[in-house]
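# Descriptive structure summary
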Amino acid sequence: MTVALEDTFSGIENPIRPDRRKAWKLPDPVPAALSPPVDESIEALDFAIREARDADRHRHARTLMRLRDDLLQRVPGARARAAETDAEAILQSVGRVARPGPRGRIDPAVADAVYDALRGPYRLRMRYRSQGGDVRERDVEPLGVLLGPRSYLVARVPEDTAFRHFRMDRILAAESTDEWIALDPAFDINAHASEAFGSYHDPAQIGSVAWKFSPRAAQAASEFLFHPEQEQETLPDGSLIVRFTACGWLEMAWFLYQWGEEVEVLEPAGLRDLVHPGRRDFGIQP
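Residues numbered from 1 in each chain as written. Predicted model: local features only at pLDDT ≥ 70, side-chain atom pairs only at ≥ 80, totals over all residues. Heavy atoms only, no water.

## Considering the pattern of salt bridges
Two side chains that carry opposite charge are able to pair once their charged atoms sit near each other. Applying the stated criterion to the full structure yields 16 salt bridges. With its nearest N and O atoms 3.3 Å apart, the salt bridge here joins R59 to D112. Separated by 53 residues along the polypeptide, R59 in helix 3 (residues 58-73) and D112 in helix 5 (residues 108-119) bring together distant segments of the chain. There is no split in this pair, since R59 and D112 are both buried. Here E179 makes a salt bridge to R125, at a shortest N to O gap of 3.4 Å. Placement of the pair is E179 in strand 5 (residues 171-180) and R125 in strand 1 (residues 122-129), with a sequence separation of 54 residues. On the basis of relative accessible area, R125 is assigned to the partly exposed category, the value being 30%. Put simply, R59, R62, D112, D116 and R119 are held in one network by salt bridges that share partners. (Salt bridge = Lys/Arg side-chain N within 4 Å of Asp/Glu carboxyl O. Helix = DSSP H or I, 4+ residues; strand = E, 2+ residues; numbered from the N terminus. Buried < 20%, exposed > 50% of the residue type's maximum accessible area, 1.4 Å probe, protein only.)

Okay, structure coming up:
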């Protein structure tokens, strides 16, 4: 094994220690074959840290930062500095597109408490401000978090068996208790998220959705992913029909507004009535 080591890596030092034992030392810097890939890893971690901070996922950002620092400590100083410089250059060269719309700020301590409760899973005790401004103490059984411009905590409450959605930015304080809760095996956060076009859920609106895009807009519409489980149908005249099942008519109306007269809502009727007065002939918006 020692012969194989010396044959594989050049410059192996083979000093004899004071106690007469032999040792083998790899040259400095450590050969690239034994060093973890750094450049692209630091770049990817820096992007992930920025996105986590932008989404108020501060705990994830701190964890990613620790992983980044640990990785840099495993490589020679010169290589670590070069990786950091390259990653910073890339990060500064990639801008973020502004996404207009309401955005609530989430208290990092609240987010930590929510994730602690989800990990348990434990009951969560929180102070919550309602839309009307009333503040009350709530004990809930957290099921998951929906991340978006407005993030929601999905949870059960003692007085109701249905899912409740609490806006994360309206949770003033939160504490993960040591009260263990039983998870609902039938609940899946991804399936629940797919029931809505955005992050807001209205069970009364969940149903079939069908949009018909004109032949002029069909190509652009075919490049969009409107919903993870959408189905598309191209008609003989070149128009495109997109179908999926979800709720969130108001968020759908905001999105459809940019397509102007190039889209027609086939169903549901409630969404069709909501969109029609707001149509504008702006042409296709890529």
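## Re the packing of helix 3 against helix 5
Taken N-terminus to C-terminus, the directions of helix 3 and helix 5 make an angle of 85 degrees; their axes are 8 Å apart at the nearest point. Between helix 3 and helix 5, the crossing angle belongs to the class labelled roughly perpendicular. Here H58, R59, H60 and R62 of helix 3 come into contact with helix 5, specifically with P108, D112, Y115, D116 and R119. Residue composition of the contact of helix 3 with helix 5, grouped by class: 2 nonpolar, 2 polar and 5 charged. (Axes fitted to C-alpha atoms, helices over the stretch in contact; angles between N-to-C directions. Parallel < 35°, antiparallel > 145°, perpendicular 65-115°, else oblique. Contact = heavy atoms within 4.5 Å. Nonpolar A, V, L, I, M, F, W, Y, C, P; charged D, E, K, R; others polar.)

## Notes on the sheet that holds strand 2 (residues 135-146)
Judged by pairing direction, the sheet is antiparallel, and its 5 strands sit side by side in the order 4-3-2-1-5 without closing on themselves. Strands with a single pairing partner mark the edges of an open sheet, and in this sheet they are strand 4 (160-167) and strand 5. Taken pair by pair, the neighbouring strands of this sheet meet at an average axis angle of 45 degrees, ignoring direction. Here 6 bridges tie strand 1 to strand 2, and the two strands are oriented antiparallel to one another. Across the sheet, M126 pairs through a bridge with R138, a residue of strand 2. (Pairing = 2+ DSSP bridges.)

## Considering the sheet that holds strand 6 (residues 207-213)
Taken in spatial order, the 4 strands make up an open sheet running 7-8-6-9, and their pairing is antiparallel. With one partner strand each, in any of the chains shown, strand 7 (231-234) and strand 9 (263-267) form the two edges of the open sheet. Here the average twist between neighbouring strands, direction ignored, is 20 degrees. Pairing of strand 6 with strand 8 (residues 240-246) involves 7 bridges; the strand directions are antiparallel. Paired with V209 across the two strands is F244, which belongs to strand 8. Along the sheet, helix 8 (residues 249-256) contacts strand 6, strand 8 and strand 9; its crossing angle with strand 6, the most-contacted strand, is approximately 10 degrees.

## Topic: the packing of helix 2 (residues 39-54) against helix 3
Remark: helix 2 packs on helix 3, axes separated minimally by 8 Å, with the N-to-C direction vectors making an angle of 160 degrees. Taken together, the axes of helix 2 and helix 3 are roughly antiparallel relative to one another. In this structure, the crossing between helix 2 and helix 3 has a hand that is left-handed. Taken together, the residues of helix 3 that come into contact with helix 2 (itself represented by S41, I42, L45, D46, A48, I49, A52 and R53) are H58, H60, A61, L64, M65, L67, R68, L71 and L72. (Left-handed = near helix turned anticlockwise from the far one by under 90°.)

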